[in-house]
Amino acid sequence: MSGQPCPHAADKILIVTVSNGQPSMPCDAVLALLRAIAESCRTLADDAECDLHTVGAAIDIEADALEARAICHTTETT
């Protein structure tokens, strides 16, 4: 094992900083995110050891990773 954390799907999503200094995601990035969530749900549905709590926890982890990246893209405007 490399000791490195596993990459998050959210790490691949494009985030841009718009003119008001806030982070934004293009529509195609949002669509890709939603499709990835749907695919993960279908994959986990076939796993007898997973339930909706597991799916919810996985989505929360990805949301946290995306939120951290969004905060990094936020800039102050005066």
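Summarised in this report is the structure supplied together with it. Here the structure is a predicted model, which means the values were calculated and not measured. (Residues numbered from 1 in each chain as written. Predicted model: local features only at pLDDT ≥ 70, side-chain atom pairs only at ≥ 80, totals over all residues. Heavy atoms only, no water.)

## Notes on the layout of surface pockets
Thought 1: Quantified by volume, the largest pocket comes out at close to 310 Å³.
Thought 2: In terms of lining residues, the largest pocket is bounded by 15 residues, among which Ile-37, Ser-40, Ala-58, Ile-59 and Glu-62 are the most central.
Thought 3: Elements with a minimum of two residues in the lining of the largest pocket: helix 1 (27-45) and helix 2 (52-73).
Thought 4: Here the lining of the largest pocket is composed, by residue class, of 12 nonpolar, 2 polar and 1 charged. (1 Å grid on protein atoms, 1.4 Å probe; cavity = no way out; pocket = protein on both sides within 12 Å on 5 of 7 lines; lining within 4 Å. Points joined across faces, edges and corners; volume = space filled by probe spheres on them. Helix = DSSP H or I, 4+ residues; strand = E, 2+ residues; numbered from the N terminus. Nonpolar A, V, L, I, M, F, W, Y, C, P; charged D, E, K, R; others polar.)

## With respect to the pattern of salt bridges
Thought 1: The tally for this structure, following the rule as stated, stands at 1 salt bridge.
Thought 2: Residues Glu-39 and Arg-42 are paired through a salt bridge, measuring 3.2 Å at the closest nitrogen-oxygen approach. Here Glu-39 and its partner Arg-42 are both found in helix 1, 3 residues apart, which amounts to about one turn of the helix. (Salt bridge = Lys/Arg side-chain N within 4 Å of Asp/Glu carboxyl O.)

## Some details on the nonpolar core
Thought 1: Core analysis: the largest hydrophobic core is formed by 7 residues, namely Ala-10, Ile-13, Ile-15, Ala-29, Ala-65, Leu-66 and Ala-70.
Thought 2: Excluding residues that lie within four positions of it along the chain, Ala-70 makes contacts with Ile-15 and Pro-23. (Core = buried A, V, L, I, M, F, W, Y, C linked by side-chain atoms within 4.5 Å. Buried < 20%, exposed > 50% of the residue type's maximum accessible area, 1.4 Å probe, protein only. Contact = heavy atoms within 4.5 Å.)

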